[in-house]
Amino acid sequence: MALALLGSTALTAVTAQAADKEISWIYCGDTIDPVHIKYIKQWEEKNAGWKVAPEVVGWAQCQDKATTLAAAGTPVAMAYVGSRTLKEFAQNDLIVPVPMTDDEKKTYYPHIVDTVTFEGSQWGVPIAFSTKALYWNKDLFKQAGLDPETPPKTWAEEIEMAKTIKEKTGIPGFGLSAKTFDNTMHQFMHWVYTNNGAVIDADGKVTLDSPEILAALKAYKDIVPYAEEGPTAYEQNEVRAIFLDGKVAMIQAGSGAADRLKKTKISWGITTLPLGPDAKGPGTLLITDSLAIFKGSGVEDKATEFAKFITSPDVQSEYELQGGAGLTPLRPSAKVDEFVAKDPYWKPLIDGISYGGPEPLFTDYKGFQNSMIEMIQSVVTGKAEPEAALKKAAGEVEAFK
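Since this is a predicted model, take the numbers as computed values, not measurements.

Criteria and cut-off values
- Residues numbered from 1 in each chain as written.
- Predicted model: local features only at pLDDT ≥ 70, side-chain atom pairs only at ≥ 80, totals over all residues.
- Heavy atoms only, no water.
- 1 Å grid on protein atoms, 1.4 Å probe; cavity = no way out; pocket = protein on both sides within 12 Å on 5 of 7 lines; lining within 4 Å.
- Points joined across faces, edges and corners; volume = space filled by probe spheres on them.
- Helix = DSSP H or I, 4+ residues; strand = E, 2+ residues; numbered from the N terminus.
- Domains from an automatic or database assignment.
- Buried < 20%, exposed > 50% of the residue type's maximum accessible area, 1.4 Å probe, protein only.
- Phe/Tyr/Trp six-rings, centres within 6.5 Å; stacked < 30°, edge-to-face > 60°.
- Lys NZ or Arg CZ within 6 Å of the ring centre and 35° of its normal.

Caption draft 1: Representation of the layout of surface pockets in the model. Here the second largest pocket defines a volume of roughly 720 Å³. Around the second largest pocket, the lining is made up of 26 residues, and of these Tyr193, Ile200, Asp201, Ala202 and Pro358 lie nearest the centre. Secondary-structure elements contributing two or more residues to the lining of the second largest pocket are β4 (117-118) and β11 (357-358). Built from parts of two domains, the lining of the second largest pocket gets at least three residues from each of domain 1 (23-130 + 286-352) and domain 2 (133-283 + 362-398).

Here it is, written out as structure tokens:
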């Protein structure tokens, strides 16, 4: 009886301890998405004794908070991070690998897994994905004497159409992002990937100073006279706001723009991004955010299990196909096919994946990003010619790889 009581007491203690097991999650944003609330509850019901504890942290602070806690030796179990930071986290031994099987990798669109892969291992689970397409205002095209149903297919056509619109209507032909802001570099990378360019190769060699990227920077310079006044004052969402007011004719934007345009009276179209002279097909920068599993929480395995559940195909498609968040589906599926059939605007956002590329992975990503922004701004403002600006940036980013 004494042994039985001892066993019973021990079992009670283990059960109580299990009930206290928690997966802390730094969740970026203002609120938790209702889809995630729904599936957190479902996972907890199937995993007795476990609780998922999301902490909502604003976009501007969430990644820094996760980094600070990990560096202090008090990591959260899991955090929402930009995939571009995974290399730095991995090299500083702050996160654990999250290996994918070949079958798991095959479920994603091409190149998605590349955004979380470093030295042959995956270091995060993709949870959000964005691509860009070209939106054009058909009314402004018509006012300028252009065919409103024929968008530009090449950079040369894009620049020429922007010029015609500016000269004929007085309204900027293209919305250019050049603010000191992360998506200024992102917007330029769409041009890089629509001309078969690359900033860094698979072996870690910086290839920024290349003919393909020089052509992109020259095209940026050429379109400046036909863009909105003072591009260095605008980031991509501010450019989108001008487009939604009918004050600019063309922009590069994600699915969120389509969702907002439906609520306006603007006659608009969407197509794949125009191509540079060396393009092999439609491209775009492939940006993913991921769930990183931090080392030292004591629940790494269970956090990995939950991360894969909350990003599994059924859950993920319900989350990303809501429209307003500006996300592109991570995986092809019958449900995605249904959405494309219903809302054709999804098609160009998906078609650009074929020849797209990931955010370049640098150990000091912010240093790299700042060099790229400075390069873009120097050309947009006329302070430097593209050749000199590109060579300077290529030399700087060597220190950040």
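Caption draft 2: Expanded view of unusual backbone geometry. The backbone of Asp93 shows a phi angle near 60°, a positive value even though the residue is not glycine. Examined against the element boundaries, Asp93 turns out to sit in the loop between α4 (86-91) and α5 (102-106). Backbone geometry places His111, a non-glycine residue, at a positive phi of 75°. Examined against the element boundaries, His111 turns out to sit in the loop between α5 and β4. With relative accessibility at 29%, the residue His111 sits in the partly exposed group.

Caption draft 3: Structural detail: the packing of aromatic side chains. Taken as a whole and assessed by the stated rule, the structure comprises 17 aromatic pairs. Centre to centre, the rings of Phe174 and Trp191 are 6.0 Å apart; their planes meet at 90°, and the pair counts as edge-to-face. Residue Phe174 is found in the loop between α7 (155-169) and α8 (182-192), and its partner Trp191 is found in helix α8; the two are separated by 17 residues along the sequence. Grouping residues by exposure puts Phe174 and Trp191 together as buried. The interplanar angle of 85° and the centroid separation of 5.4 Å between the aromatic rings of Trp191 and Tyr220 together place this pair among those described as edge-to-face. Linking Trp191 in helix α8 with Tyr220 in helix α9 (residues 211-223), this pair joins segments that are 29 residues apart in sequence. Note on Trp191: relative accessible area 1%, which makes it buried. An aromatic cluster of at least three residues, connected via ring pairs, comprises Trp25, Tyr27, Tyr39, Trp43, Phe306 and Phe309. Lying over the aromatic face of Tyr108, Arg331 brings its terminal NZ or CZ to 4.4 Å of the ring centre.

Coordinates in, geometry out; function isn't part of it.
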